[in-house]
Amino acid sequence: MKIVFLDRDSLIADLRRPAFAHDWQDYPATAPADASARLQGAAIAVTNKVALRAETLAQLPQLKMIAVAATGTDNVDLAAARERGIVVSNIRNYATAALPEHTFALILALRRNLLAYRADIEAGLWQRSERFCLFHHPIRDLHGSRLGLLGYGALGQGVAQLGKAFGMEVLVHTRSPINDDSVRSVGWDELLETSDVLSLHAPLTEQTRNIIGAAELARMKRDALLINTARGGLVDETALAQALRSGVIAGAGFDVLSKEPPLPDNPLLNLRLPNFLLTPHSAWASGQAMQALADQLIANIEAYAAGRPAHVVA
């Protein structure tokens, strides 16, 4: 059984080989145009972010499984995979500590204005202060404030757990039933209009694309924060940049953009504001989380080979 990993360098972890007879081949990275040629004769394709569209799958009659080395599967044409009987498996619940911790790193940095205070020190303001401290920028506790979550899967639940530890009231808007008395299920309007911190943990679909736009930002509290460690396409980036410049909301922390790597003209990429913090899609990427991903990836491949496919999305 031939297995090809198209973008091995996207995963920094020890990757054991599957426990069955196979021919393993990997590439540091693969351009989408090269995917078909590299997958010729392969029964299993491993991809993190390399796109596998219908036209590519049509050229791969021997392909039986696509093992996605990530949770998101928007880079794979799932309908085309189903038509061809190709099993698609993804990775689940591997960054349940890493991503919530990163989410709160963004929240705390913004809520306590760390970027602005660092800039003050670099400008020499503290050194020239007549007092022992500076408090030129507002600092707000998380305790007693409202944390709103769009989506309540494993990652949303991890963020909720940290929020409760900080003494926050947790509001949740999700399509799935919630069996958790420590959080409150609310409608979209209440979540949007009453959250002090609104954190996004929903998948990117046609229904959720640009779910936060100019109209939604205008309905949020003026002192609210918007946090996105899910998918860049959930937010209208041009509308957010304008909202941050004009003070429609207090701040935003993002780990994702609509196109990655970002294009130079992305409206958030060069936004130099103390109330905006951008990290390079690294919330998931702790060493522990990447190793858990690598272990689950091989387990998914072994499960398929054993006739018991796991974590199947198509």
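Look a little higher up for the structure.
The structure contained in this document is the topic of the report that follows.

Side note on the overall build of the protein chain
Along the protein chain, the regular secondary structure elements total 10 helices and 12 strands. Taken over C-alpha atoms, the radius of gyration comes to 22 Å for the protein chain, in line with the 20 Å a tight globule of 314 residues would show. Along the longest, intermediate and shortest principal axes, the C-alpha atoms of the protein chain span 70 × 45 × 35 Å. Put simply, the protein chain has 314 residues, and 47% of those count as buried. Within the protein chain, contacts between residues separated by at least 24 positions form 60% of all contacts whose residues are at least 6 apart in sequence. Summed over its atoms, the accessible surface of the protein chain is roughly 15000 Å², and 52% of this surface lies on carbon and sulfur atoms. Counting 30 positive and 32 negative side-chain charges, the protein chain places the centres of these two groups 1 Å from one another.

Some words on the environment of Ala31
Along the polypeptide, Ala31 turns up in the loop between β2 (23-26) and α1 (35-38). Its relative accessible area of 37% is what places Ala31 among the partly exposed residues. Measuring from C-alpha to C-alpha, the distance between Ala31 and Val50 comes to 7.1 Å, with 19 residues separating the pair along the chain.

Considering the packing of helix α4 (residues 98-111) against helix α6 (residues 154-165)
Remark: α4 packs on α6, axes separated minimally by 8 Å, with the N-to-C direction vectors making an angle of 50 degrees. In this view, α4 runs oblique relative to α6, as classed from their interaxial angle. Where α4 crosses over α6, the two elements pack in a sense that is right-handed. Residues Leu99, Pro100, Glu101, Thr103 and Phe104 of α4 form the contact with α6, whose own contacting residues are Leu155, Gly158, Val159, Leu162 and Gly163. By residue class, the composition of the contact of α4 with α6 is 6 nonpolar, 3 polar and 1 charged.

Observations concerning the packing of aromatic side chains
For the structure on display, the rule yields 3 aromatic pairs. Note on Phe104 and Phe166: the rings are 5.3 Å apart at their centroids and 5 degrees apart in plane angle, and the pair reads as stacked. Of this pair, Phe104 sits in helix α4 while Phe166 sits in the loop between α6 and β7 (169-173), placing them 62 residues apart in sequence. Under the relative-accessibility criterion, Phe104 is labelled buried at 3%. Overall, Phe166 belongs to the partly exposed group, its relative accessible area being 35%. On the numbers, 6.2 Å between centres and 55 degrees between planes, the contact of Phe254 with Phe276 is tilted. Of this pair, Phe254 sits in strand β11 (residues 251-254) while Phe276 sits in strand β12 (residues 276-278), placing them 22 residues apart in sequence. Note on accessibility: Phe254 and Phe276 belong to one class, buried.

Describing the layout of surface pockets
As a volume, the second largest pocket reaches approximately 200 Å³. Around the second largest pocket sit Leu110, Arg111, Asn113, Pro138, Arg140, Asp223, Leu225, Ala250, Gly251, Pro274 and Asn275, which together line it. Residue composition of the lining of the second largest pocket, by class: 5 nonpolar, 3 polar and 3 charged.

Brief notes about the environment of Arg82
Along the chain, the position of Arg82 falls in helix α3 (residues 78-83). The spacing of Arg82 and Ser246 is 164 residues in sequence and 47 Å in space, taken between C-alpha atoms. Polar side-chain contacts of Arg82 include one of 3.4 Å to the backbone oxygen of Val313.

Thresholds, definitions, all that
- Residues numbered from 1 in each chain as written.
- Predicted model: local features only at pLDDT ≥ 70, side-chain atom pairs only at ≥ 80, totals over all residues.
- Heavy atoms only, no water.
- Helix = DSSP H or I, 4+ residues; strand = E, 2+ residues; numbered from the N terminus.
- Rg over C-alpha atoms; globule rule 2.2 N^0.38 Å.
- Buried < 20%, exposed > 50% of the residue type's maximum accessible area, 1.4 Å probe, protein only.
- Contact = heavy atoms within 4.5 Å.
- Areas by Shrake-Rupley, 256 points an atom, 1.4 Å probe, with all protein chains shown as cover.
- Lys, Arg positive; Asp, Glu negative; His and termini not counted.
- Charge placed at Lys NZ, Arg CZ, Asp CG, Glu CD.
- Axes fitted to C-alpha atoms, helices over the stretch in contact; angles between N-to-C directions.
- Parallel < 35°, antiparallel > 145°, perpendicular 65-115°, else oblique.
- Left-handed = near helix turned anticlockwise from the far one by under 90°.
- Nonpolar A, V, L, I, M, F, W, Y, C, P; charged D, E, K, R; others polar.
- Phe/Tyr/Trp six-rings, centres within 6.5 Å; stacked < 30°, edge-to-face > 60°.
- 1 Å grid on protein atoms, 1.4 Å probe; cavity = no way out; pocket = protein on both sides within 12 Å on 5 of 7 lines; lining within 4 Å.
- Points joined across faces, edges and corners; volume = space filled by probe spheres on them.
- Polar contact = N/O pair within 3.5 Å; in protein donor to acceptor, adjacent residues only side chain to side chain.

Take it as geometry only, folks, not as evidence of what the structure does.
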